[in-house]
Amino acid sequence: MFSAARILAIRKSKGFSQEMLAEQSGVSLRTIQRVEQGETVPRGHTLQALAAALGVSLADFRTEPEPLAAPVPVGASVASAPFTAAPEPPELLAGPGQALSRADEQALTSTLEPTPQTALVAASPEPVVTHYSPLRPDPEFLQLLNLSALSLLVLPLLNIIVPFVLWRRRRHTILHAAEVGRRVLGFQILWQVGCFFAYIVLMVGYQVAHALDLTLWRGGYLAVFIGSYLLNVLTVVYYAGRLRRGDLNIYGIRL
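Residues numbered from 1 in each chain as written. Predicted model: local features only at pLDDT ≥ 70, side-chain atom pairs only at ≥ 80, totals over all residues. Heavy atoms only, no water.

1. Focus: the packing of helix H7 (residues 139–147) against helix H10 (residues 220–244)
Part 1 of the argument: Between H7 and H10, the least distance of the axes is 10 Å, while the angle of their chain directions is 170°. In terms of their interaxial angle, H7 and H10 are classed as roughly antiparallel. For the pair H7 and H10, contact is made by Leu-142, Gln-143, Asn-146 and Leu-147 and by Val-236, Tyr-239, Ala-240, Leu-243 and Arg-244, respectively.
Part 2 of the argument: For the contact of H7 with H10, the per-class residue count stands at 6 nonpolar, 2 polar and 1 charged. (Axes fitted to C-alpha atoms, helices over the stretch in contact; angles between N-to-C directions. Helix = DSSP H or I, 4+ residues; strand = E, 2+ residues; numbered from the N terminus. Parallel < 35°, antiparallel > 145°, perpendicular 65-115°, else oblique. Contact = heavy atoms within 4.5 Å. Nonpolar A, V, L, I, M, F, W, Y, C, P; charged D, E, K, R; others polar.)

2. Quick word on the packing of aromatic side chains
Part 1 of the argument: Overall, the coordinates contain 9 aromatic pairs when judged by the stated rule.
Part 2 of the argument: Look at Phe-164 and Trp-167: their rings are 6.0 Å apart centre to centre, the planes differ by 50°, and that puts the pair in the tilted class. Placement of both Phe-164 and Trp-167 in helix H8 (residues 158–170) is noted, with a separation of 3 residues, approximately one turn of the helix.
Part 3 of the argument: Accessibility expressed as a relative area gives 40% for Phe-164, which makes it partly exposed.
Part 4 of the argument: With a centroid separation of 5.0 Å and an interplanar angle of 25°, the aromatic rings of Phe-187 and Tyr-251 are classed as stacked. In this pair, Phe-187 sits in helix H9 (residues 177–211) while Tyr-251 sits in the segment after H10, placing the two residues 64 residues apart along the sequence.
Part 5 of the argument: Taken together, the ring pairs connect Phe-187, Tyr-238, Tyr-239 and Tyr-251 into an aromatic cluster.
Part 6 of the argument: The ring of Trp-167 is capped by Arg-171, whose NZ or CZ atom sits 4.8 Å from the centre of that ring. (Phe/Tyr/Trp six-rings, centres within 6.5 Å; stacked < 30°, edge-to-face > 60°. Buried < 20%, exposed > 50% of the residue type's maximum accessible area, 1.4 Å probe, protein only. Lys NZ or Arg CZ within 6 Å of the ring centre and 35° of its normal.)

3. Brief notes about H8
The α-helix advances 3.6 residues per turn, and as a result positions three or four apart in sequence lie on the same side.
Part 1 of the argument: The terminal C-alpha atoms of H8, which comprises 13 residues, lie 18 Å apart, in line with the 18 Å expected from a rise of 1.5 Å per residue.
Part 2 of the argument: The elements touched by buried residues of H8 are H7, H9 and H10. (Expected span 1.5 Å × (residues − 1).)

4. Some thoughts on the packing of H7 against H9
Part 1 of the argument: Contact geometry for H7 and H9: axes closest at 9 Å, N-to-C directions at 15°. Compared by their axis directions, H7 and H9 come out roughly parallel. The two elements H7 and H9 cross, and the hand of that crossing is right-handed. Here H7 contributes Phe-141, Leu-142, Leu-145 and Asn-146 to the contact with H9, which in turn contributes Ala-177, Val-180, Gly-181 and Val-184.
Part 2 of the argument: In the contact of H7 with H9, the residues fall into 6 nonpolar, 2 polar and no charged. (Left-handed = near helix turned anticlockwise from the far one by under 90°.)

Nothing here speaks to function; it is geometry throughout.
If you want it as structure tokens, here you go:
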């Protein structure tokens, strides 16, 4: 079972704010807040995204089990059990180069056998090995994620489909891929919606002009098409240059 307190403690130990963790993992800020407050049980893919962003394994999010106490005889308590130090080996009667007698061997063996008290003190927990899976930096993939929006030059809507597929596949493994993908998709969706309303407004304008018997500009649709595509291509190329310089503050909107 996962522990909300463990997720909170690990995030703070890594120096992450909730906003930074949301950016790196691709999980919404509201979801992270609810998870840390214990208001919701996260799904498997959400835990994997948080673990990848924090560089820990899923096992680190689980509730730590309580340490098991050594068995105590019936009618006795651990506090009342006397502590017995290991007895020192007795002085052997055999001299150098002589074989030990049977009595000496039995005495030596009995001193080496641990008592329950000495075994409890000497026992030490096994070290816990944690397997880390941090996000790896890949500036080339971030460039590919941004430039994939130019696929609209091949077919309409590919400017949304191709970046979305790349973002979904690598957002939990590539550093900053989650945030860059959100920004790229946010701009492309806004551009697509803007083009739709531009054509609607132009069509309504044509209807009004025809009703009023005004002269129609027959190149309106072509102008909107060329202007909108040119705006998109120039914007993507501009932010590709900023990504090449390491500036991740691209586009003004995000999903």
